[in-house]
Structures are given as structure tokens and as C-alpha cells.
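Single-letter residue listing:
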Amino acid sequence: MARRFPLAGLLRLRHAEQDRAAASLATANDRAREAADARIAARRTLQDSGSAMPIEDAATLSAVAAARAATRGMLRELDAVVEHRHADVDRAQGEYNTARRSALGLEKLEEQHTVRTTAEALRTEQNALDEIAARSRTEGGTR
């Protein structure tokens, strides 16, 4: 029977860290996508507001100008939010890459351990078979 990988618990921990980092990355990507969608919607609103209705007096013109200024301010804020969310995505991607690298290193060690223990078990089995074969020849049995 092959020996158990001595770092199996640590490998499970690394996989859990990797899964947690992947979930954080997915959340960061979703938030960045939502912010980008909000920014696109605000830009469309700003573009559409110019052709919505004819301006007939100064009060309407003033209201439209105020609305456009507010929308531009909102766009600047959304741009800042999008940049912040992209920075969050980059940070989460880095954390995921680090967690994945840690897990990969242990996975390779586990693979090497499995190869070594399997080879060791096969050598032990072969030695036992050789000993049985040698014993049957020395005891006078010929087969």
C-alpha cells in the first residue's frame, strides 16, 4: 500500500485558498463589469439627452445644461469607480496567481511522491517474487 502524501493537509489548505481567491476574482470581475455597464448607460443617457426635446426658453436651456453637467460629474465619478474596480481585479488576479502557484508546487510534490512510492512498492513486490522464485529453486522444485 502506498504511503500517504505527508503534505496532503497543506495541499488541501492551498486548494481552499485557491478556491477563495478564485471566488474573490469572480466577484471583482462582476463588480468591474457592473461599473462599466453603469458608465456606458450614463454615457448613453448623456448622448440621448441632447436630442430628447426642443429647447424653447431660457429655463429649459438652463435645466438641460444643469442635467448635462450633473451627468458629466456622474461620469467622472463612474470613471473613478471603474478604475478602482479594475485595480481590485488586478489585486484579486495577483492573489489568485499566488495561490495557484502555491498549490501547483505542492501538486508537483504530491505527484513525485506518488511516483516514488509506487516505484518503491513495485520494487518491494518484485523482490518478494524473486525471493519466492529463488526459494522454490533451492528447495528442489523446478517449474
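Values in this document were obtained by computation on a predicted structure and should not be read as measured data.

Here Thr71 lies in helix H2 (residues 58-138). For Thr71, a relative accessible area of 14% puts it in the buried group. Polar side-chain contacts of Thr71 include one of 2.8 Å to the backbone oxygen of Ala67. In this structure Thr71 touches Ala42 and Leu46, once residues within four positions along its chain are discounted.

Locating Ala80 in the fold gives a position in helix H2. Residue class for Ala80 comes out partly exposed when judged on its relative accessible area of 44%. Sequence separation between Ala80 and Ala35 is 45 residues, and the spatial gap between their C-alpha atoms is 9.7 Å.

Residues Leu25, Ala28, Ala32, Val89 and Ala92 constitute the largest nonpolar core, which totals five residues. When contributions to this core are tallied by element, the ones reaching two or more residues are helix H1 (8-49) and H2. In terms of residue count, H1 provides more of this core than any other element does, three residues in total. Those residues within four positions of Leu25 in sequence are excluded, and the remaining contacts are Val89, Ala92, Gln93 and Tyr96.

Conventions adopted
Residues numbered from 1 in each chain as written. Predicted model: local features only at pLDDT ≥ 70, side-chain atom pairs only at ≥ 80, totals over all residues. Heavy atoms only, no water. Helix = DSSP H or I, 4+ residues; strand = E, 2+ residues; numbered from the N terminus. Buried < 20%, exposed > 50% of the residue type's maximum accessible area, 1.4 Å probe, protein only. Polar contact = N/O pair within 3.5 Å; in protein donor to acceptor, adjacent residues only side chain to side chain. Contact = heavy atoms within 4.5 Å. Core = buried A, V, L, I, M, F, W, Y, C linked by side-chain atoms within 4.5 Å.

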